[in-house]
Amino acid sequence: MASISSLGIGSGLDLNSLLDQLEASERQQLTPITLKQQSYQAKISAYGKLESALTSFQDAVAKLADGKQFEAVKKEVSGDALSATLGDDALTGNYDLDVSQRARGYSIATQGIAAADEALGAGTLNITLANGDTLDLEIGEKQSTLEGIRDAINDADGGIQASLMNDGGDTPYRLVLSSTATGTEAAIDSVTFGGGLGPSLALDPDSEVPALNARLTINGIAVTSQSNQVEDAIQGVTLNLKETGTATLDVTRDGAGIKKAVKSFADAYNTLQETLDNLTRFNQDTGESGALLGDATLRGIESRLRSVVSGGGAGGAFNTLADIGITLKVDGTLEVDEEAVDDAVDNQLGALADFFTGRAGKDGLAVRLDDALADMVDDGGTLDDATEGLETSIETLQTQYLRTEDRINSTLARYRTQFQKLDSMIAEMNSTSSYLTQQFDALNAQLGQ
């Protein structure tokens, strides 16, 4: 039987079109698998949006769960003598400050020599600081210039900085030694040049700049500091001395920051609620629905959050959000009465802190919410488990898709083989028919004669 390279040539039938129709019909088996994969992928994307909103809410909740938020302070400095930086343990207070002296580092120069690159001879250099630290250097012949000595001192990083000065005289070049830190403890106590350096280098006592400690009073109490950055003279406060003079420092409770944290909590919750609504929406006119409509994971998250929020705080003067001016509305959002919140912050800050952080061994609202949100968004949490389950299902479906596709391809190959045989058989039959027709025509012609 002759082989036919293109379907339909032998038979005249449109077998290619028929095979295409069969292939389209067979491949419809893949459509449900693909649609299910797409729906799972859409859910994973929706879980990502939900996790983002939950994480933003968790950030706002965490601020109220931390008791330090309600101890937060702010500063106001009057006067140019200093600035202040507040630490976490700063307390409220009012301070009058008088800076009488700023800290200064020690400095001294050598007598001048003719050239900065003149070799002075190998030797030793020994520097002792007031705090007892020492710098001992061996200076080789090639290094025994002022430039080489300078570099050796700076490379040693021993609390001394060296530089060169040109005073414009007959022997203009001097080596200047300065302590890298301010205060008398970091001052240079002695300098000894030995060996070949001794005859050439000597200190110039007229160039000495003594080290000074910072001196100030805080509410009449004398304070001395080795540095112009005065730490913990006031608990949790770092004073940065700029100049001599007076200043006042007022450290007060940061009520505005606390109010902002409370309002941010409500705003983040409402943003989360908007996300939940979008993910579960249903449009009756168009039939369109959110990716998580009817999703059990989302329903569980929503139910737990509402339970914690409506459950209130740890007791005390405030028991529910409504007591501090935040009302849970019918649509699930929170409405803030800013005057009531301001009053709670200004007049009942301790009770407000207890409500959010806890009291008498009972967790506050923010602490319980923070725990609940961690169960939802942390690794191994609710959303993580749900997402991993969907990803596993997608992988299973992909395996099913590939197996189905292999089966379809095998079926189509069988169809093609059968069609090729059919095409050849019909072609052979057509050839036989044509031959017989010719024979009959020839016979008829002979009989007609």
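Rules behind the numbers
- Residues numbered from 1 in each chain as written.
- Predicted model: local features only at pLDDT ≥ 70, side-chain atom pairs only at ≥ 80, totals over all residues.
- Heavy atoms only, no water.
- Salt bridge = Lys/Arg side-chain N within 4 Å of Asp/Glu carboxyl O.
- Helix = DSSP H or I, 4+ residues; strand = E, 2+ residues; numbered from the N terminus.
- Buried < 20%, exposed > 50% of the residue type's maximum accessible area, 1.4 Å probe, protein only.
- Patch = residues over 30% accessible without salt bridge, like charges linked within 9 Å, V, L, I, M, F, W, Y side chains within 5 Å.
- Areas by Shrake-Rupley, 256 points an atom, 1.4 Å probe, with all protein chains shown as cover.
- Arc of directions from axis to C-beta.
- Contact = heavy atoms within 4.5 Å.
- Phe/Tyr/Trp six-rings, centres within 6.5 Å; stacked < 30°, edge-to-face > 60°.

A. The pattern of salt bridges, seen in detail. All chains considered together, the criterion is met by 10 salt bridges. Here Asp-295 ties to Lys-43 by a salt bridge, and the two come within 3.2 Å at their closest N and O atoms. With Asp-295 in the loop between helix 4 (255–279) and helix 5 (296–311) and Lys-43 in helix 2 (residues 30–65), this pair connects stretches of sequence that are 252 residues apart. Since its relative accessible area comes to 26%, Lys-43 is described here as partly exposed.

B. Molecular detail of a nonpolar patch on the surface. A grouping of Tyr-435, Leu-436, Phe-440, Leu-443 and Leu-447 is seen on the molecular surface, where their side chains present a nonpolar patch of about 550 Å² in accessible area. By the element assignment, Leu-447 lies in helix 9 (residues 382–448).

C. Highlighting helix 3 (residues 146–156). Here helix 3 has its buried residues at Leu-146, Gly-148, Ile-149, Ala-152 and Ile-153. All buried residues of helix 3 project into a common sector of 165 degrees when viewed along the axis, lining one side. In this structure, the buried side of helix 3 is in contact with strand 5 (123–129), strand 6 (134–139), strand 7 (160–166) and strand 8 (173–179). Where helix 3 terminates, the next one or two residues include Asp-157, which has phi positive at roughly 50 degrees.

D. A look at the side chain of Thr-110. Turning to its location among the elements, Thr-110 is positioned in strand 4 (residues 107–110). For Thr-110, a relative accessible area of 0% translates into the label buried. The contacts of Thr-110, once residues within four sequence positions are left out, are Arg-174, Leu-175, Phe-193, Leu-201, Ala-202, Leu-203 and Asp-204.

E. Quick peek at the environment of Ser-433. The topology assignment puts Ser-433 in helix 9. Between the C-alpha atoms of Ser-433 and Thr-224, which are 209 residues apart in sequence, the distance is 123 Å.

F. Summary view of the packing of aromatic side chains. Applying the stated criterion to the full structure yields 5 aromatic pairs. Here the aromatic rings of Phe-57 and Tyr-269 are separated by 5.4 Å at their centres, their planes lie at 65 degrees, and the arrangement is edge-to-face. Of the two residues, Phe-57 is situated in helix 2 and Tyr-269 in helix 4; the sequence distance between them amounts to 212 residues. Taking relative accessible area as the criterion, Tyr-269 reaches 2% and is therefore assigned buried. A centroid spacing of 5.0 Å and a plane angle of 80 degrees characterise the contact between Phe-355 and Phe-356, whose relative ring orientation is edge-to-face. Both residues of the pair, Phe-355 and Phe-356, count as buried. In textbook terms, an aromatic cluster arises when at least three aromatic residues are bridged by ring pairs, as seen for Phe-57, Phe-70, Phe-265, Tyr-269, Phe-355 and Phe-356.

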